[in-house]
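Spelled out, the chains give:
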Amino acid sequence: MDEVRRVLPLSRSLLHLLLALQEGARHGYAVKKRVEALSGGVVKMGPGTLYTTIQRAEELGLIHEAPERPPQEEDQSQRRYYELTELGREALAAEVERLGTFVDHARAALGGLA
Amino acid sequence: MSIRPPGEGLYRVLLRTYPRRFRRRYEAELLHAFRTQWREADYRGRGGRARFWRHVLADWAGTQVAARRSARGQGEGNEGRTGAAGPAVPQTGRWEVGMDTVRQDFLFAFRSLTRAPGFALVAIATLAIGIGSNAAIFGVVRSVLMEPLPYGEPDGVVTIWSRWRGFPKSWVSLSEYRAYLTQSRSFEDLGLWSETNVTFTDPENPERVGAVAATENLVDVLRVDMEVGRFFTREEASRADSLPTDVIVVSHDVWVRRWSADPGIVGRSVEMNGRLREVIGTSTSRCSCLERW
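Computed from a predicted structure; not experimentally measured.

On to the overall build of chain A. In terms of regular secondary structure, chain A is built from five helices and three strands. Start at the N end of chain A and walk to the C end: the helices and strands fall as α-α-β-α-α-β-β-α. Here chain A holds 114 residues, and the buried ones make up 37% of them. Sequence-distant contacts in chain A: of pairs separated by 6 or more residues, those separated by 24 or more amount to 58%.

Spelled out as structure tokens, the structure:
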């Protein structure tokens, strides 16, 4: 739990990255497309943002390169695939919990507006 | 097989600004992402391509700090994390959140500027003029007020001018100099110099240069050293009522330009104003008053 507390709060880019990888291993560009889809097209990660975020997540131990690649028909050999580590899953869950609490407090402060 | 999009060369140049460690690990993927995004933008036409480049440039500018910070974090190790099990965790997420905010602010500013190119141009031109004029003024202030004169005792050196009727500031004559030398008690020593021009008449490399005829004690008065060789002796100076003399000292600039700073210049014969002279030394680069030699 100490490890998780050390990486919180997650930056917006890290949160999006972990959310996109929560569904399974993806390569960088697939992460970008998934983040766009999850955010309704609002968040568009450029190549620099995407890979500095991936680099950061690798350093923090939140993701790592997937040892097993997807089935051949989906595979693109020149690309690396990334997946969540155990710490990454725990950090994502803790961050979502933290944000949920924040949103609950915010709603209460706004007089129960949904 | 992917077609190389126009502008990929520029993007490769931009990538070179990222830390080497980052490039080594992610460059191929960055290029791949760049090409894929370009294809999508190209499909949308001119507007799509313009938005693509705006996005790429803002993204590049906004991630410079993050990439560097990560590179430093890895290079420096994990201070304060001794005993932590599992994967290395370089820093807490708070810094990351802070940098993310900075990046977003930067991107917001960049996008705002690109939306109003006229304003951006005026703002950039204003900054450029302001910075340029500040640098120029500081250069003058520094050289005039802050930099000490290139003499051994700059506080104790003065220039004496003469004054005639109708000429409030004029050169000192040789007679006046001699009078000062014998009668003045205010100065420890006095040197005299006169500016002129001479020509190196070497047929292979003729050159007209500024020159100074000086008394033998000038370098002692100014407390400056010679770069190579020596200055004139009293005997040599007394032989020369006026230019041309038999021996010359060349300035640092002339020494570097004509003789490539060859220390063997001393004792060499040089043709000047149609006669051979012996070079006895060179002045230092520090001393601007002697640059006309």
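This next bit is on the overall build of chain B. Helix and strand content of chain B: ten helices and eight strands. Expressed as a percentage of the 293 residues in chain B, the buried residues total 19%. Partitioning the intrachain contacts of chain B with sequence separation of at least 6 by distance along the chain shows that 59% fall at a separation of at least 24.

Time to look at the packing of helix H3 (residues 28–38) of chain A against helix H2 (residues 20–43) of chain B. Where H3(A) meets H2(B), the closest approach of the two axes is 9 Å, and the angle between their N-to-C directions is 50°. As summarised for this structure, H3(A) and H2(B) are arranged oblique, according to the angle between their axes. Contacts between H3(A) and H2(B) involve Gly28(A), Tyr29(A) and Lys32(A) from the first element and Glu29(B), His32(B), Ala33(B) and Thr36(B) from the second. Here the residues of the contact of H3(A) with H2(B) sort into two nonpolar, three polar and two charged.

In this section: the environment of Lys33(A). Secondary-structure assignment places Lys33(A) in helix H3. What makes Lys33(A) partly exposed here is the crowd of 14 C-beta atoms within 10 Å.

Time to look at the sheet that holds strand S1 (residues 26–27) of chain A. All names here are of chain A. Spatially, the three strands line up as an open sheet ordered S1-S3-S2, and their pairing is antiparallel. Looking at the sheet topology across the chains shown, the edges are occupied by S1 and strand S2 (63–65). Pairing of S2 with strand S3 (residues 81–84) involves three bridges; the strand directions are antiparallel. Counted as the bridge partner of Glu65 is Tyr82 from S3.

For the rest of this paragraph, the subject is helix H6 (residues 117–146) of chain B. Compared with the 44 Å implied by 1.5 Å per residue over 30 residues, the 40 Å span of H6(B) between its first and last C-alpha is a close match. Counting buried positions over the 30 residues of H6(B) gives zero, only a small fraction of the element.

In summary, soluble globular proteins display a tendency toward joint burial of nonpolar side chains. In this structure, Leu17(A), Leu18(A), Leu21(A), Ala57(A), Leu62(A) and Ala91(A) are the most contacted members of the largest nonpolar core, which totals 36 residues. Sorting the residues of this core by element identifies helix H2 (12–21), H3, helix H4 (47–60), S3 and helix H5 (86–109) of chain A together with H2, helix H3 (46–62) and helix H4 (64–76) of chain B as the ones contributing at least two each. Broken down by element, this core gets its largest block of residues, seven residues, from H2(B). Ignoring anything within four residues of it in the chain, the contact list for Leu18(A) reads Leu62(A), Leu84(A), Gly88(A), Ala91(A) and Leu92(A). Phe232(B), Trp255(B), Val279(B) and Ile280(B) belong to the second-largest nonpolar core, a separate cluster that totals 16 residues.

Alignment of S1(A) against S3(A), held across two bridges, turns out to be antiparallel. Across the sheet, residue His27(A) finds its bridge partner in S3(A), namely Tyr81(A).

Our next topic: H4(A). Residue and element names in this part refer to chain A. For H4, with 14 residues, the first-to-last C-alpha span of 20 Å sits near the 20 Å given by 1.5 Å per residue. The buried count for H4 comes to 13 of 14 residues, which makes it a mostly enclosed element. Directly beyond the C-terminal end of H4, a positive phi value near 80° is found at Gly61.

Below, the discussion takes up the packing of H2(A) against H5(A). Residues and elements named next belong to chain A. One way to put it is that H2 packs onto H5 with a least axis distance of 10 Å and a crossing angle of 115°. For the pair H2 and H5, the crossing hand works out as left-handed. Listed contacts from H5 to Leu15, Leu18 and Leu19 of H2 are Gly88, Ala91, Leu92 and Glu95. Residue composition of the contact of H2 with H5, by class: five nonpolar, one polar and one charged.

Conventions and cut-offs
Residues numbered from 1 in each chain as written. Chains lettered and ligands numbered in written order. Predicted model: local features only at pLDDT ≥ 70, side-chain atom pairs only at ≥ 80, totals over all residues. Helix = DSSP H or I, 4+ residues; strand = E, 2+ residues; numbered from the N terminus. Buried ≥ 20, exposed ≤ 12 C-beta atoms within 10 Å, placed from the backbone. Contact = placed C-beta atoms within 7 Å. Axes fitted to C-alpha atoms, helices over the stretch in contact; angles between N-to-C directions. Parallel < 35°, antiparallel > 145°, perpendicular 65-115°, else oblique. Nonpolar A, V, L, I, M, F, W, Y, C, P; charged D, E, K, R; others polar. Pairing = 2+ DSSP bridges. Expected span 1.5 Å × (residues − 1). Core = buried A, V, L, I, M, F, W, Y, C linked by C-beta atoms within 7 Å. Left-handed = near helix turned anticlockwise from the far one by under 90°.

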